[in-house]
Every structure is written in structure tokens, then in C-alpha cells.
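Each chain, written out:
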Amino acid sequence: QGSLPIVELFDLLIAFIPALIVVVLLYRWSLGSGTALYALARMMVQLAAIGYLLTYIFLSDSPVIVLVVLMVMLVVGSWIAMRPLQNRNRRVYARALVAITIGGVSTLVLVAAGVLRLEPFYEPRFLVPLAGMIFANSMNTLSLAMERFESELGNGANYLEARQRAFHAALIPLINSLLAVGLVSFPGMMTGQILSGVSPVVAARYQIVVMCMLFGAAGISTGLYLAWARRDHVKQAA
């Protein structure tokens, strides 16, 4: 009782049925099903590999290995965040990397040291999954803001107008999730804890921490990027 059932290979294939329906829709509507298929295949390979890698990381109990993992996550996440942009360059990438690092790492340290009080501080079983949630969420929010900011400037908006619209649009999914949690949705971490036998009250407290850290880290990272983007806009205007 309280343990999760083992997902067999056949059961895993069943889980792909809804995703494949979406791929068919993309193909029928000529929206590029190849990208979605590639993303699904890459997701499967990456998660299978990370399952073995995390086992090694957890057993190693090494702060150096944890630091390297966090650095890789930041570097790759910042690169992916730029994907929707038409104009990608080193300056934009560096700005995204620094923004996610400041917003994400500061939030991670606050939660690990101030809320969870991890001992040791670098406890990989907690730190790596938390960092993954924080960095990925910041990456997605920043990516939305970057795309909208570039689009608004391209449509003739000034810097302040583009910044306001980009920041507002990027935070819509996060604010929606804050409003819906517990009423419409039960987020992954809370669901996983409940399925594994943790008290719903305890799971809810952890989920509050997670929602706050995701909203804060993403908002800080995005705000920093948009604030620093003013310098480029001023140069272009001049």
C-alpha cells in the first residue's frame, strides 16, 4: 500500500496514444509533425538516459558532480529559451543565461537552505529535481517573453510597451496555474507524493513551496532579461 505500480513497456506505449493523435493532427493540418515526432523521441531517450544518470548522481553524493549538473542545465536551458527568436546571437544568449542563473539559483538556494534546510546543502536527491523544475519553468517563461518582446518591437512598439506586453504575456500560464491549482489541476509533485502515500496535507505544503519558487524564479529571470534588453533597444534607436 502506498507504493506506485511498475510501468511496464507495453503500458508505456499506451501512454503515447494521446501524443500520437496530436502528431496526426499536426500532419493533417500541415503544421510540421516532424518536429513533434522528433521532440517525443528525444524526450523518451533523454528521460531513459537521465533515469540511469540520476541513479549515479544520487549515489555519488558529490558537490562537484551536482554543480556540474546544474551548470549543464543552465547552459542548455538558456539555449533552448532562445529557440523562438528570429535574431539569435551571443549577446542575447549571455543575457538569458545570466538572467536564468540569477533568478533560478537565488530561488534554489533560498528554498534549499531556508525552507527545506537540506543537510548536506548539496543533497542531490532534492537539489537536482528542484533545480530542474526551477530552471525549466524559468526557461519557458523567458522564452515566451523573448518571442513576444521581439514581435512587439517588430510591430513598431516602443521599448516600454514591448516590455509590458511581453512580461504580462509570459506570466499568463504561471498565473493561470496559481488560480487553477487545487480546483482544476493537481500538479505533478503533489500528485506524485499522494500516489506514493504522503499525506495530502503535507503534499499541499510542498506544492505551495513549489508554486512560489516557480513563479518567483521565472518572474525574476524574465524581468531581468527585459530590463537589460533596454540597452540594445536604445542602441538600435540611436
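Bear in mind that the values here come from a model prediction, so they are computed numbers and not experimental data.

Analysis parameters
Residues numbered from 1 in each chain as written. Predicted model: local features only at pLDDT ≥ 70, side-chain atom pairs only at ≥ 80, totals over all residues. Heavy atoms only, no water. pLDDT = per-residue confidence, 0-100. Helix = DSSP H or I, 4+ residues; strand = E, 2+ residues; numbered from the N terminus. Contact = heavy atoms within 4.5 Å. Expected span 1.5 Å × (residues − 1). Bend = angle between axes of the 7 residues up to and from the residue. Buried < 20%, exposed > 50% of the residue type's maximum accessible area, 1.4 Å probe, protein only. Axes fitted to C-alpha atoms, helices over the stretch in contact; angles between N-to-C directions. Parallel < 35°, antiparallel > 145°, perpendicular 65-115°, else oblique. Nonpolar A, V, L, I, M, F, W, Y, C, P; charged D, E, K, R; others polar. Left-handed = near helix turned anticlockwise from the far one by under 90°. Polar contact = N/O pair within 3.5 Å; in protein donor to acceptor, adjacent residues only side chain to side chain. Phe/Tyr/Trp six-rings, centres within 6.5 Å; stacked < 30°, edge-to-face > 60°. Lys NZ or Arg CZ within 6 Å of the ring centre and 35° of its normal.

### Notes on the confidence of the model for the protein chain
Right, so step 1: In the predicted model, the protein chain carries a mean pLDDT of 86, and the fraction of residues at 70 or more is 91%.
Right, so step 2: Averaged pLDDT values for the elements of the protein chain fall to 65 in helix 10 (residues 230–237) and rise to 93 in helix 5 (residues 90–115).

### Quick look at the environment of Ala-131
Right, so step 1: Tracing the sequence through the fold places Ala-131 in helix 6 (residues 124–154).
Right, so step 2: Taking C-alpha positions, Ala-131 is 14 Å from Phe-58, a pair spaced 73 residues apart along the chain.
Right, so step 3: Once residues within four sequence positions are removed from consideration, Ala-131 is found in contact with Leu-70, Met-73 and Leu-108.

### Topic: helix 7 (residues 159–180)
Right, so step 1: Given a rise of 1.5 Å per residue, 22 residues ought to cover 32 Å, and the 32 Å separating the end C-alpha atoms of helix 7 matches this to within 8%.
Right, so step 2: The largest bend along helix 7 reaches roughly 40° and is located at Ile-172, with the proline Pro-173 sitting one to four residues downstream.
Right, so step 3: Considered for burial, the residues of helix 7 that qualify are Tyr-159, Ala-162, Ala-166, Ala-169, Ala-170, Leu-171, Leu-174 and Ala-180.
Right, so step 4: A positive backbone phi angle near 85° is found at Gly-182, which sits one or two residues after helix 7.

### Let's talk about the packing of helix 2 (residues 17–28) against helix 3 (residues 33–60)
Right, so step 1: Where helix 2 contacts helix 3, the two axes come as close as 8 Å, and the packing angle between them is 155°. As judged from the angle between their axes, helix 2 and helix 3 are roughly antiparallel. Here Ala-19, Leu-20, Val-23, Leu-26 and Tyr-27 of helix 2 come into contact with helix 3, specifically with Ser-33, Ala-36, Leu-37 and Leu-40.
Right, so step 2: Each residue belonging to the contact of helix 2 with helix 3 can be placed in one class, and the counts come to eight nonpolar, one polar and no charged.

### Observations regarding the environment of Met-146
Right, so step 1: Tracing the sequence through the fold places Met-146 in helix 6.
Right, so step 2: Separated by 50 residues in sequence, Met-146 and Ala-96 place their C-alpha atoms 9.2 Å apart.
Right, so step 3: Once you skip the residues sitting within four places of it in the chain, Met-146 turns out to touch Ala-81, Met-82, Leu-85, Val-92, Ala-96 and Tyr-225.

### Re unusual backbone geometry
Right, so step 1: Here Glu-119 and Pro-120 are connected by a cis peptide whose omega angle stands at -5°.
Right, so step 2: Residue placement: Pro-120 occurs in the loop between helix 5 and helix 6.
Right, so step 3: A positive phi angle, close to 55°, is found at Ser-30, a residue other than glycine.
Right, so step 4: Inspection of the secondary structure puts Ser-30 in the loop between helix 2 and helix 3.
Right, so step 5: Overall, the relative accessible area of 66% leaves Ser-30 in the exposed class.
Right, so step 6: Not every positive phi belongs to a glycine, and Arg-117 is a case in point at roughly 50°.
Right, so step 7: Relative to the helices and strands, Arg-117 resides in the loop between helix 5 and helix 6.

### Examining the packing of helix 4 (residues 63–81) against helix 5
Right, so step 1: At a minimum axis separation of 9 Å, helix 4 and helix 5 run at an interaxial angle of 135°. With respect to their mutual orientation, helix 4 and helix 5 come out oblique. Regarding helix 4 and helix 5, the two cross each other, and that crossing is right-handed. Residues Leu-70, Leu-74, Val-75, Ser-78 and Trp-79 of helix 4 pack against Tyr-93, Ala-96, Leu-97, Ile-100, Thr-101, Val-105 and Leu-108 of helix 5.
Right, so step 2: Here the residues of the contact of helix 4 with helix 5 are counted per class, giving ten nonpolar, two polar and no charged.

### Considering the side chain of Ser-143
Right, so step 1: Positionally, Ser-143 belongs in helix 6.
Right, so step 2: Only 2.9 Å separates the side chain of Ser-143 from the backbone oxygen of Ala-81, close enough to count as a polar contact.
Right, so step 3: Those residues in contact with Ser-143, other than ones at most four positions away along the chain, are Ile-80, Ala-81 and Pro-84.

### Brief notes about the side chain of Asn-137
Right, so step 1: Within the secondary structure, Asn-137 is located in helix 6.
Right, so step 2: Classification of Asn-137 as buried rests on a relative accessible area of 17%.

### Considerations on the packing of aromatic side chains
Right, so step 1: Per the stated rule, a full pass over the model turns up two aromatic pairs.
Right, so step 2: Ring geometry for Phe-149 against Tyr-159: centres 6.0 Å apart, planes inclined by 80°, an arrangement best described as edge-to-face. With Phe-149 in helix 6 and Tyr-159 in helix 7, the pair connects residues that are ten residues apart, well separated along the chain. Taken as a pair, Phe-149 and Tyr-159 share a single burial class, namely buried.
Right, so step 3: Its end group placed over the ring of Tyr-225, Arg-95 keeps NZ or CZ at 5.7 Å from the ring centre.

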